[in-house]
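The chain contents come next:
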Amino acid sequence: MAASTRRSRDHNHKACIEGALSRARAVCADEGARLTPLREQVLLIVWRSHRPIGAYDVLDQLAKNHKSARPPTVYRALDFLIGHGLIHKIESLNAYLGCADVGPHHDGHFLLCRKCGQAQELADRRLDDAIGRIARGARFRPDRHVVELTGLCAACAG
């Protein structure tokens, strides 16, 4: 698969969010997992923008409709969503981002704009393959990997 990013000037964010929710429901149905209303709400909060969001920011937004929401509730929902490949954790920011390439478990590759905060997931099997090849050559067995490139997006660099 060629490298791809989701965001463009004519991006339909409403369709983007609806697609994410539809894919989440399908993945959970296929895996026999329960996408509860609370988990669905956390997913929607993460997808509201293409910027990584911290767990406490998710909690603040969730508490507007769920007065009993507490940190463990949010972390359990985030762990569920990560476990089913629906969101990613941006390690360097300790924040979460909706997964643009839902499907079999895959590691994350991201472009992070240091100016506007936008994040884009890269979906490129060749990168996974290259990292795997290098690790095998070093006789190293990674549990997972995360590639985060920080710089300026096209709009901010323009």
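Treat the numbers as computed from the prediction; the structure is a model and nothing was measured.

Undergrad: Help me understand the pairing of strand 3 (residues 108-113) in this model?
TA: Consecutive side chains of a regular strand alternate in pointing toward one face of the sheet and then the other. Within strand 3, 5 of the 6 residues are buried, which leaves the element mostly enclosed by the surrounding structure. Both strand 3 and strand 5 (residues 146-151) contribute to a ladder of 6 bridges, which runs parallel. In the sheet register, F110 faces strand 5, and the bridge partner there is E148. For strand 3 and strand 4 (residues 119-121), the ladder comprises 3 bridges, and the chain directions are antiparallel. Its bridge partner being in strand 4, L112 is matched across the sheet by A119. Where strand 3 folds back onto strand 4 in an antiparallel hairpin, the turn is made up of 5 residues, including G117, whose phi is positive at roughly 85°.

Undergrad: Hey, could you run me through the environment of L78 in this one?
TA: Relative to the elements of secondary structure, L78 occurs in helix 4 (residues 71-83). Exposure remark for L78: the relative accessible area of 0% places this residue in the buried category. For L78 and R25, which are 53 residues apart along the polypeptide, the C-alpha to C-alpha distance reads 15 Å. Among residues more than four places away in sequence, those in contact with L78 are V42, V46, A55, I87 and Y96.

Undergrad: Would you mind showing me how to read the packing of aromatic side chains here?
TA: Per the counting criterion, the structure on display carries 1 aromatic pair. Look at Y56 and Y75: their rings are 6.4 Å apart centre to centre, the planes differ by 75°, and that puts the pair in the edge-to-face class. Here Y56, found in helix 3 (residues 55-62), pairs with Y75, found in helix 4; they are 19 residues apart in sequence, far enough to count as distant. Sitting over the ring of F80, R39 keeps its end group 3.8 Å from the ring centre.

Undergrad: Is there a simple way to explain the sheet that holds strand 4 in this structure?
TA: Where strands meet in a sheet, backbone hydrogen bonds hold them as pairs that are either parallel or antiparallel. Strands sit in the order 4-3-5 across an open sheet of 3 strands; the sheet is mixed. The sheet terminates laterally at strand 4 and strand 5, the two strands that pair on one side only. Looking at each pair of strands side by side, their axes are set apart by 20° on average, direction ignored.

Undergrad: What exactly am I supposed to notice about the pattern of salt bridges here?
TA: Taken as a whole and judged by the stated rule, the model has 5 salt bridges. Put simply, K14 and E18 hold a salt bridge, and the shortest N to O gap is 3.8 Å. In this pair, K14 and E18 both sit in helix 1 (residues 13-31), 4 residues apart, roughly one turn of the helix. The exposure class of K14 is exposed, given its relative accessible area of 60%. For E18, a relative accessible area of 47% puts it in the partly exposed group.

Reading guide: rules and limits
- Residues numbered from 1 in each chain as written.
- Predicted model: local features only at pLDDT ≥ 70, side-chain atom pairs only at ≥ 80, totals over all residues.
- Heavy atoms only, no water.
- Buried < 20%, exposed > 50% of the residue type's maximum accessible area, 1.4 Å probe, protein only.
- Helix = DSSP H or I, 4+ residues; strand = E, 2+ residues; numbered from the N terminus.
- Pairing = 2+ DSSP bridges.
- Contact = heavy atoms within 4.5 Å.
- Phe/Tyr/Trp six-rings, centres within 6.5 Å; stacked < 30°, edge-to-face > 60°.
- Lys NZ or Arg CZ within 6 Å of the ring centre and 35° of its normal.
- Axes fitted to C-alpha atoms, helices over the stretch in contact; angles between N-to-C directions.
- Salt bridge = Lys/Arg side-chain N within 4 Å of Asp/Glu carboxyl O.

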